[in-house]
Structure formats: C-alpha cells, structure tokens
Amino acid sequence: MTTTELRLGFIGLGAMGRPMALHLINAGYRMSVYARRPEAAAPLVAAGALAVASPAAVAQAADVVFTVVTASADSEQVALGAQGIIEGARAGTVVVDMATISPLATRRIAQALAARGIDHVDAPVSGGPTGAQGAALSIMAGGRPHVFERVKPLFERLGKTVLHMGDHGAGQVTKACNQLALTVTLQGVAEALLLAQRCGVDPAKVREAMLGGIAASRVLELFGKRMVERNFDNGIDARLYHKDLNIVLDLAHGLGLPVPAAAVTLQQINALVGSGGGKSDFSRMIEVLERAASGDHCE
C-alpha cells in the first residue's frame, strides 16, 4: 500500500486537531473521525470525513489513527479504554499520539498496543493553533524508526520541522524540554516588562529593543506582544502549560534533577490558574506579577 492510499483516523478535533485533520483531508486522504461533541466534527464531515461513534470505530476504518487529546489519562482512555482504539485496531495499525502527555504514560500505551501488534508513535508538537492552521508545526517523534518513516509523509503535511528523537517516549521528553524552556522564558519576559513599566520606561519600546539583541526570542516576540497589548483572549490556555510543567517536574523529580526555575514558574502558573486565568492566554502571567508587586518605583 502506498502512502497516499492510507486510510486515516483522527480523534480530538479541538483548536489543534481540527486544522491538522483538515490539512490531511485536503491532501486527499480518506478519514474517519470521532469527537465527544458532534459539533466539533462538523467541519471535518463537511470536508468529506466520516464521523463514527467511538475510537474503536475509528481504528476499524483506519491504517493510521491520530489522537490529539488533553492529558495523559485522556490518551490512555482513548487508546486502551472501553471502546478504545485497541478494541478496533488490527495488527499493523499505527497509532500516532500528538498530544503533550507524560513519557511514562506514552510508554505504557505503546507497550499495551504492541502486545496486540499495533504500532505507536508519540509525536507532540510545538507551534500552537497558528502553527496548526499554517501547517508549520515542529513535530518531535518517538518510536521505532521504520514506523516513523512510514508516517513521516503525513507529518510533512502538518509541520515544517519533523524529527525522529528516539524510542517510545522520546518525543514527549523533547516536548517537556521545550515547555520547560518556554515557560521559564515567559516568566523572565513578564518580569522584564513589568520592571520597565515600574521604572517609567515604555514596555513596548523595551520589548522592541530586546528583540534587536541577544535577549530576542519567539517567546518575547509573541507572548511579549500580548503582554504589552494586554491581549489575553487568544492563544493557548494557561491551564495547559500548568499540565505540561507538572510533567516536567515529575520527570525531574524521578531522576533527582534540580529544576528550580521550573518550580518557581509553576507556582506562578498556579496563582494564575487559581485566580481564574486558566482559560486565558499564557501571557496573562504578567498580571500575577503585577498583583504581587509593591508600589515602589525606580529612583
């Protein structure tokens, strides 16, 4: 069977999954889809996908099944639970989990599927909804090399950077490293912009100056812009970074590794989520600092 003849399935049709699935349909692939909310599947059905009643039904109709759900427990339920993928997939089916979950959960899922002859690739992504919409994601994959090569042409329909990182779980470890660097950098950006404001210097101009120097980063470019503009409604929910950074700390604690900056940043995210900002863009972190700041100014 050639790659273009592969039958695809897609489970998880939210802000990330929906545009990703549409790219694959628009590339000419046949697709079955499942969503807990029928309205989430409607755009895919309108584009030619077949909506089915369960993850197992998706697997019955597919050679490659993509999943993009929220948390480790969700991925395990979709793959291994009642009416899960494992109940409908045949030996040789490939399950591609593109959610950001624990590497330990990923390995449990891969092992359970392998016992049935079902292949697994963990392939979390970076780039957010904008990257998903523009097929410009960074895809970091873990799994057996020949299985990765089988699905790589599909990944190339979704992203610009597609890398095989190693065995099962390596993609998730890579994503954890990405989230560690991203969240700690965002904390630094928020602190810098608040310091500028409290010292009477325009934060927008400070950001512009920093973008021209060694402190420049995509975090400063994108999230810093939202902080300056006070635009906290769009982007990726802060609650998801809370989940991701907990994965980071679990990994580090299991290895006995100190990650002090991650621990401090997680406490700031806790404060943001606890104050009702969990569904706002992560750039709203600056408000946590503002509430904690004293009234002192630079002299």
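Before any of the text, the structure's been laid out above.
Residues numbered from 1 in each chain as written. Predicted model: local features only at pLDDT ≥ 70, side-chain atom pairs only at ≥ 80, totals over all residues. Heavy atoms only, no water.

With the exception of glycine, most residues fall at negative phi, and the peptide bonds are largely trans. Notably, glutamine 83 is not glycine yet its phi reads approximately 60°, a positive angle. Within the secondary structure, glutamine 83 sits in the loop between helix 4 (72–80) and strand 5 (94–97). Look at arginine 230: it is not a glycine, yet its phi comes out positive at around 60°. Note that arginine 230 resides in the loop between helix 10 (218–229) and helix 11 (238–255). Classification of arginine 230 as partly exposed rests on a relative accessible area of 40%. (Helix = DSSP H or I, 4+ residues; strand = E, 2+ residues; numbered from the N terminus. Buried < 20%, exposed > 50% of the residue type's maximum accessible area, 1.4 Å probe, protein only.)

Considering all chains together, one arrives at five aromatic pairs under this definition. Ring geometry for phenylalanine 223 and phenylalanine 282: centres 6.3 Å apart, planes at 85°, overall edge-to-face. In this pair, phenylalanine 223 is assigned in helix 10 and phenylalanine 282 in the loop between helix 12 (260–277) and helix 13 (285–292), connecting sequence segments 59 residues apart. Each member of the pair, phenylalanine 223 together with phenylalanine 282, is buried. Judged by centre distance (4.4 Å) and plane angle (15°), the ring pair of tyrosine 241 and phenylalanine 282 falls under stacked. A residue pair is termed long-range when its members are at least 10 positions apart, and tyrosine 241 in helix 11 and phenylalanine 282 in the loop between helix 12 and helix 13 qualify at 41 residues. For the residue pair tyrosine 241 and phenylalanine 282, the accessibility class agrees, reading buried in each case. Among the aromatic residues, those joined into a cluster by ring pairs are Phe223, Tyr241 and Phe282. Above the plane of the ring of phenylalanine 223 lies arginine 226, whose end atom (NZ or CZ) is 5.4 Å from the centre. (Phe/Tyr/Trp six-rings, centres within 6.5 Å; stacked < 30°, edge-to-face > 60°. Lys NZ or Arg CZ within 6 Å of the ring centre and 35° of its normal.)

This paragraph deals with helix 12. The end-to-end C-alpha separation of helix 12 is 23 Å, in line with the 26 Å expected for 18 residues at 1.5 Å each. Within helix 12, burial applies to Ala262, Thr265, Leu266, Gln268, Ile269, Leu272 and Gly277. For helix 12, the buried positions fall inside an angular range of 165° around the axis, keeping them on one side. Helix 12 presents Pro260, Val264 and Gly274 as exposed residues on the side facing more than 90 degrees away from its buried surface. (Expected span 1.5 Å × (residues − 1). Arc of directions from axis to C-beta.)

Taken as a whole, this structure holds 13 salt bridges when the rule is applied. We note a salt bridge from glutamate 39 to arginine 37, for which the minimum N-O separation is 3.4 Å. Using a relative accessible area of 49% as the deciding quantity, one classes glutamate 39 as partly exposed. Judged by its relative accessible area of 46%, arginine 37 is partly exposed. Connected through shared salt-bridge partners, Arg230, Arg284, Glu287 and Glu290 make up one network. (Salt bridge = Lys/Arg side-chain N within 4 Å of Asp/Glu carboxyl O.)

This part covers the environment of asparagine 178. Its place among the elements puts asparagine 178 in helix 8 (residues 170–198). Under the relative-accessibility criterion, asparagine 178 is labelled partly exposed at 26%. Through-space distance from the C-alpha of asparagine 178 to that of serine 126 is 8.1 Å; in sequence the pair is 52 residues apart.

The next thing to look at is the side chain of aspartate 122. With respect to the helices and strands, the residue aspartate 122 is situated in strand 6 (residues 119–122). Of the side chains with opposite charge, arginine 107 comes closest to the buried, unpaired aspartate 122, at an N-O distance of 7.3 Å. There is a polar contact of 3.0 Å between the side chain of aspartate 122 and the backbone nitrogen of glycine 169. A distance of 3.0 Å separates a polar side-chain atom of aspartate 122 from the backbone nitrogen of glycine 171. When sequence neighbours within four positions are dropped, the list of residues in contact with aspartate 122 reads Asp97, Thr106, Met140, Ala141, Gly142, Gly143, Asp167, His168, Gly169, Ala170, Gly171 and Gln172. (Lys, Arg positive; Asp, Glu negative; His and termini not counted. Polar contact = N/O pair within 3.5 Å; in protein donor to acceptor, adjacent residues only side chain to side chain. Contact = heavy atoms within 4.5 Å.)

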